[in-house]
Amino acid sequence: MKISLSNFKIGQKGIISDINVDEIPLKLLEMGCLPGNLVELVQIAPFGDPLYFIINDSHVAIRVETAEKISIFAENNSY
């Protein structure tokens, strides 16, 4: 199932399938936010933004508006 990274639920894992390189900050790309990498949502900030992920063993906070531009192949066995 292909969804946006912003639609993840806590504990959900998936593989990054597509990103829009022109709209993703270079820092995220350098930290491993690239197609083929595993991503897991760990926590959501109290007001819903940002979202805290583990991407290939790196802890990353991503704003919701940026997460919407990242497509994921989500696992079905998420919580």
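Calculation rules
Residues numbered from 1 in each chain as written. Predicted model: local features only at pLDDT ≥ 70, side-chain atom pairs only at ≥ 80, totals over all residues. Heavy atoms only, no water. Helix = DSSP H or I, 4+ residues; strand = E, 2+ residues; numbered from the N terminus. Core = buried A, V, L, I, M, F, W, Y, C linked by side-chain atoms within 4.5 Å. Buried < 20%, exposed > 50% of the residue type's maximum accessible area, 1.4 Å probe, protein only. Contact = heavy atoms within 4.5 Å. Pairing = 2+ DSSP bridges. Axes fitted to C-alpha atoms, helices over the stretch in contact; angles between N-to-C directions. Polar contact = N/O pair within 3.5 Å; in protein donor to acceptor, adjacent residues only side chain to side chain. Salt bridge = Lys/Arg side-chain N within 4 Å of Asp/Glu carboxyl O.

Caption draft 1: Broad picture of unusual backbone geometry. In this structure, Pro50 follows Asp49 across a cis peptide bond, with omega equal to 10 degrees. Mapping Pro50 onto the fold places it in the loop between strand E3 (38–44) and strand E4 (51–55). We note that Asn56 has phi near 50 degrees; this positive angle belongs to a residue other than glycine.

Caption draft 2: Layout of the nonpolar core. Counting 20 residues, the largest nonpolar core has Leu5, Phe8 and Phe53 as the members making the most contacts within it. Mapped by element, the contributors of at least two residues to this core are strand E2 (13–19), helix H1 (26–30), E3, E4, strand E5 (58–62) and strand E6 (70–74). Setting aside residues up to four positions removed in sequence, Phe53 forms contacts with Leu5, Phe8, Val39, Glu40, Leu41, Val42, Ser58, His59, Val60 and Ile62.

Caption draft 3: Region of interest: the sheet that holds E6. Taken together, the 6 strands give an open sheet; going across it, the order is E1-E6-E2-E3-E4-E5, and neighbouring strands pair in antiparallel fashion. Strands at the two margins of the open sheet, each flanked by one partner only, are strand E1 (2–4) and E5. For this sheet, the mean angle separating the axes of adjacent strands, direction not counted, is 40 degrees.

Caption draft 4: The arrangement of the side chain of Ser4 in detail. Along the polypeptide, Ser4 turns up in strand E1. For Ser4, a relative accessible area of 15% corresponds to the buried category. Side-chain polar atoms of Ser4 contact the backbone oxygen of Glu68, separated by 3.3 Å. Aside from chain neighbours lying at most four places away, what touches Ser4 is Ala67, Glu68 and Ile70.

Caption draft 5: Layout of the pattern of salt bridges. Considering all chains together, one arrives at 2 salt bridges under this definition. Residue Glu23 pairs with Lys69 through a salt bridge whose shortest N-O separation is 3.8 Å. Residue Glu23 is found in the loop between E2 and H1, and its partner Lys69 is found in the loop between helix H2 (64–67) and E6; the two are separated by 46 residues along the sequence. The exposure class of Glu23 is partly exposed, given its relative accessible area of 41%. In this structure, the salt-bridge partner of Glu65 is Arg63, at a minimum N-O distance of 3.6 Å.

Caption draft 6: Region of the structure containing the environment of His59. Relative to the helices and strands, His59 resides in strand E5. Linking His59 and Leu41, residues 18 residues apart in sequence, is a C-alpha distance of 9.9 Å.

These figures capture arrangement, not role.
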